[in-house]
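Summary of structural features
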Amino acid sequence: MRGLVLFDFGGTLDADGSRWSVRFHAAYQAAGGKQAFAAFDRAFRESDRALERLSGIERLGFRAMVDAQTALLLPRLTDGAGLPARTIADHFHTATCAVVRRNEVLLQQLHQSYHLGVVSNFTGNLELCLEELGVMRYFAVVADSGRVGITKPDPRLFQHALGWPGLVSTPAWMVGDNYDSDIRPAAALGLSTVWLAPASEKPRDKNLPTARISTLSDLARVLDS
Ligand SMILES: [Mg+2]
């Protein structure tokens, strides 16, 4: 084994640097939703908090979770009541599954040379979601904040993964789309970092990240160089 590669989930393994709120907004607009992103995003954040409190969330797989989030989101939007929840959930789900399937090729390849893990701010059901998406088999450790009780950027969520028994944890890489939650704390722990972000986004620190990519498909090239 050549080391450990840790991934963020949302916006990283399931999209090329695009957050759930941005992708849900696209699905909502495609279904006829009219609210601009700023107002939509406020409602989306509220639905996120409601999702965290949802009874039984820890037992929801990926599609069920997307459906639950849609159901929590629509009543919080001024035009949500008249929109087709199923169509919005389908749109988000289909687009996400397509990216995960594409990324599976990369995971399959990296899995032969590296231990792989996920470090994510999630709701306690990430392993179930990864199973349903068909990629859980590639990960030796999943640090889900909802399970561990620690949220990024707290370094202890990374340490939870780094200290997992049986892992080759040096050298270690962190790959993520959120500069403050993924890149900064991982770098502070001595990990090499790969920031998945559009070129228009500027890093805020000197010498960070170690590398940047705009599509996860480019990760193998970075790790090999
Ligand atoms: Mg993310």
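Residues numbered from 1 in each chain as written. Predicted model: local features only at pLDDT ≥ 70, side-chain atom pairs only at ≥ 80, totals over all residues.

Digging into helix H7 (residues 155-162)
The following threshold applies: Each residue is classified by how many other C-beta atoms fall within 10 Å of its C-beta atom, where C-beta atoms are placed from the backbone; a count of 20 or more means buried, 12 or fewer means exposed, and values in between mean partly exposed. Put simply, DSSP H or I for four residues or longer makes a helix, DSSP E for two residues or longer makes a strand, and each gets a number counted from the N terminus. Here the contact rule is simple: place C-beta atoms from the backbone, and any two residues whose C-beta atoms are within 7 Å are in contact.
Those residues of H7 not exposed but buried are Leu-157, Phe-158, His-160, Ala-161 and Leu-162. The secondary structure elements touched by the buried residues of H7 are strand E1 (4-7), strand E2 (115-120), strand E3 (141-144), helix H6 (145-148), strand E4 (172-176) and helix H8 (179-188).

Some details on the domain arrangement of the chain
So the rule is basically this: Residue ranges for the domains trace back to a domain assignment, done automatically or taken from a database. In the scheme used here, Gly and all other residues not listed as nonpolar or charged are polar, with Ala, Val, Leu, Ile, Met, Phe, Trp, Tyr, Cys and Pro taken as nonpolar and Asp, Glu, Lys and Arg as charged.
With domains assigned, the chain is organised as domain 1 (4-17 + 97-224) and domain 2 (20-95). Relative to domain 2, the C-alpha centre of domain 1 lies at a distance of 24 Å. Opposite the 13 residues of domain 1 that make contact, domain 2 presents 15 residues. Residue assignment for the side of domain 1 that touches domain 2 shows that the elements contributing at least two residues are helix H4 (85-111) and helix H5 (126-132). Across the side of domain 1 that touches domain 2, the residue classes tally to seven nonpolar, five polar and one charged.

Looking at helix H2 (residues 37-53)
Defined as follows: By definition here, a helix of n residues has an expected span of 1.5 Å times n minus one. Taken from the helix axis, the directions to the C-beta atoms give the arc we talk about.
Helix length check: H2 (17 residues) gives 24 Å between terminal C-alpha atoms against 24 Å at 1.5 Å per residue, within 8%. All of the buried residues along H2 are Phe-40, Ala-43, Phe-44 and Ser-47. Around the axis of H2, the buried residues are gathered within 105° of arc, so they sit on the same side. Among the exposed residues of H2, those oriented more than 90 degrees off its buried face are Ala-38, Arg-45, Arg-49 and Arg-53. The inward-facing, buried residues of H2 abut helix H1 (20-30) and helix H3 (62-73).

Considerations on the nonpolar core
What counts here: A set of buried residues drawn from Ala, Val, Leu, Ile, Met, Phe, Trp, Tyr and Cys, joined through C-beta atoms within 7 Å, is what defines a nonpolar core.
Of all hydrophobic cores here, the largest spans 56 residues; its most connected members are Val-5, Leu-6, Val-118, Trp-173 and Val-175. No other element matches H4, which puts five residues into this core. Structurally, this core is a two-domain feature, drawing no fewer than three residues from each of domain 1 (4-17 + 97-224) and domain 2 (20-95). Ignoring any residue separated from it by four or fewer positions in sequence, one finds Leu-6 in contact with Gly-117, Val-119, Ala-161, Ala-172, Trp-173, Met-174 and Val-175.

Some remarks on the pairing of E3
On any regular strand, side chains alternate: one points to one face of the sheet, the next to the other face. Note the threshold: Strands pair, by our definition, only if DSSP identifies at least two bridges between them. Throughout, right-handed denotes a crossover for which the path from the first strand over the helix to the second runs clockwise when the strands point away from the viewer.
Where burial is concerned, the two faces of E3 agree: the one with Val-141 and Ala-143 and the one with Val-142 and Asp-144 are both buried. When E2 meets E3, the two strands line up parallel, connected through four bridges. Note on E3: the bridge partner recorded for Ser-120 is Asp-144. What joins E2 to E3 is H5, and the crossover it makes is right-handed.

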